[in-house]
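Structural overview for review
Take a look at the letters that make up each chain.
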Amino acid sequence: MIELTIDGAKVRAEEGMTVLEAARTQGIVIPTLCHFDGLSPYGVCRVCVVEVVKGKRSSLEASCTLPASEGLVIRTGSPRVQRARKVVMELLLSTSPKSKLLQDMAANMGVTKVRFQQKDRDCILCGLCVRYCEQQMQSGGLGFVGRGVSRRVGTAFDEMPEECRNCGGCEWVCPVCEQACRADDLIDGLCGGCLNAVPVESCPICTECSQSVGAEGHRTFR
Ligand code: SF4
Ligand code: SF4
Ligand code: FES
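Residues numbered from 1 in each chain as written. Chains lettered and ligands numbered in written order. Predicted model: local features only at pLDDT ≥ 70, side-chain atom pairs only at ≥ 80, totals over all residues.

**Points about the overall build of the chain**
When helices and strands are counted, the chain shows five helices and seven strands. Ordering the α and β elements of the chain from the N terminus gives β-β-α-β-β-β-α-α-α-β-β-α. Out of the 222 residues belonging to the chain, those deemed buried represent 28%. Of the contacts made within the chain by residues no fewer than 6 positions apart, 53% connect residues no fewer than 24 positions apart. (Helix = DSSP H or I, 4+ residues; strand = E, 2+ residues; numbered from the N terminus. Buried ≥ 20, exposed ≤ 12 C-beta atoms within 10 Å, placed from the backbone. Contact = placed C-beta atoms within 7 Å.)

Right, dumping it as structure tokens:
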């Protein structure tokens, strides 16, 4: 076992754990996007950044790929971390503003404006679909093609790969294509409110459980 400090508390972690995993053992929530339990860490989205303190200096590191090591001092919610995560969310939203997941995450982090030019792409290059296909389905039908701004997820010759098992996992795991934000107009790159949820008021037997109809946790009583 090793001991590190997270948000001022001593945390014991197993050898080989990442800072993200060590934080989770203490119930500390660090937002993630390109990380998915059961898939290899990728460390590309930077949503999970934490502050690594070394004396009077500190640096920002992706917690999903940062190994937990003896004596490490980590801050998961400092003002610097929060500012960095907001900028990351702005960048991601400028790439794929129609992603409901991204819009929700940005709202939770208090992002009030997207200052970058909007591109309206349907992929943030998180690599989840590629890793899911390869590591969970042992298919490997998906991969990255191209470089720089042309980089995208594709298949060989852009055709349905022979190895595909039609599991649908690549769509299920994707943070962009799972559910689109349905707002017609984005104000400053943000939707400003969720139009996907059915309001509680429409429940025929509302018990004021505060959950939208159809949402997990929504209950009706007869
Ligand atoms: S649907 Fe096909 S391409 Fe997508 S994860 Fe499954 S096997 Fe891979
Ligand atoms: S298609 Fe979706 S899961 Fe695949 S890299 Fe793009 S955003 Fe990630
Ligand atoms: S979740 Fe850590 S970099 Fe994406």
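What follows picks up the thread again.
**A look at the pairing of strand E2 (residues 9–13)**
Examined bridge by bridge, strand E1 (residues 2–6) and E2 share five bridges and lie antiparallel to one another. Bridge pairing links leucine 4 to valine 11 in E2. (Pairing = 2+ DSSP bridges.)

**Some details on the site of ligand 2**
Taken together, 13 residues sit near ligand 2, with Cys123, Cys126, Leu128, Cys129 and Cys174 positioned nearest. Looking at the shell around ligand 2, its residues break down into twelve nonpolar, one polar and no charged. (Near = placed C-beta within 6 Å. Nonpolar A, V, L, I, M, F, W, Y, C, P; charged D, E, K, R; others polar.)

**Topic: the environment of methionine 1**
Of note, methionine 1 is situated in the segment before E1. Spatially, the C-alpha atom of methionine 1 lies 5.9 Å from that of glutamate 15, the residues being 14 residues apart in sequence. What methionine 1 contacts, discounting residues up to four positions off in sequence, is Arg12, Ala13 and Glu14.

**Some thoughts on the nonpolar core**
Of all hydrophobic cores here, the largest spans 45 residues; its most connected members are Leu4, Val19, Ala22, Met89 and Cys129. For this core, the secondary structure elements donating two or more residues are E1, E2, helix H1 (19–25), strand E3 (49–54), helix H2 (79–95), helix H3 (100–108) and helix H4 (128–136). Beyond its immediate chain neighbours, meaning those up to four positions away, methionine 89 contacts Leu102, Met105, Ala106, Met109 and Val111. (Core = buried A, V, L, I, M, F, W, Y, C linked by C-beta atoms within 7 Å.)

**Details of the confidence of the model for the chain**
Summing up the model confidence of the chain, the mean pLDDT is 86 and the portion of residues at 70 or higher is 83%. Predicted confidence for residues 198–202 stays below pLDDT 50, and this span has ten contacts to residues more than four positions away or in other chains. (pLDDT = per-residue confidence, 0-100.)

**Focus on unusual backbone geometry**
Even without glycine at this site, aspartate 7 takes up a positive phi of about 50°. Within the fold, aspartate 7 resides in the loop between E1 and E2. Judged by the 15 C-beta atoms lying within 10 Å of it, aspartate 7 is partly exposed. Of note, the phi angle at glutamine 138 is positive, near 50°, even though the residue is not glycine. Note that glutamine 138 resides in the loop between H4 and strand E6 (143–145). For glutamine 138, a count of 9 C-beta atoms within 10 Å gives the class exposed.

**Overview of the site of ligand 1**
Lining the immediate environment of ligand 1, one finds 13 residues, of which Cys133, Ser139, Cys164, Cys167 and Cys170 sit closest. Among the elements of the structure, H4 and helix H5 (169–173) are those that each provide at least two residues to the shell around ligand 1. Of the residues belonging to the shell around ligand 1, the class tally is seven nonpolar, five polar and one charged.

**Re the environment of leucine 4**
By secondary structure assignment, the location of leucine 4 is in strand E1. Considering only alpha carbons, one finds leucine 4 and glycine 71, 67 residues apart in sequence, at a separation of 4.8 Å.

**Structural notes on H4**
Along H4, the residues classified as buried are Leu128, Cys129, Val130, Arg131, Tyr132 and Cys133. Those residues of H4 that are buried lie in contact with E6, strand E7 (152–154) and H5. Glutamine 138 sits one or two residues past H4 and shows a positive phi near 50°.

**A word on the pairing of E1**
Taken together, E1 and the strand that follows it, E2, pair antiparallel across an intervening segment of two residues, in which aspartate 7 is found at a positive phi of about 50°. In terms of strand pairing, E1 meets strand E5 (residues 73–75) through two bridges, oriented parallel. When the bridges of E5 are listed, threonine 5 appears paired with valine 73.

**A few points about H2**
Here H2 spans 25 Å end to end across 17 residues, near enough to the 24 Å set by a 1.5 Å rise per residue. Listed as buried for H2 are Val81, Arg85, Val88, Met89, Glu90, Leu92, Leu93 and Thr95. Residues of H2 that are buried make contact with E3, E5 and H3. (Expected span 1.5 Å × (residues − 1).)

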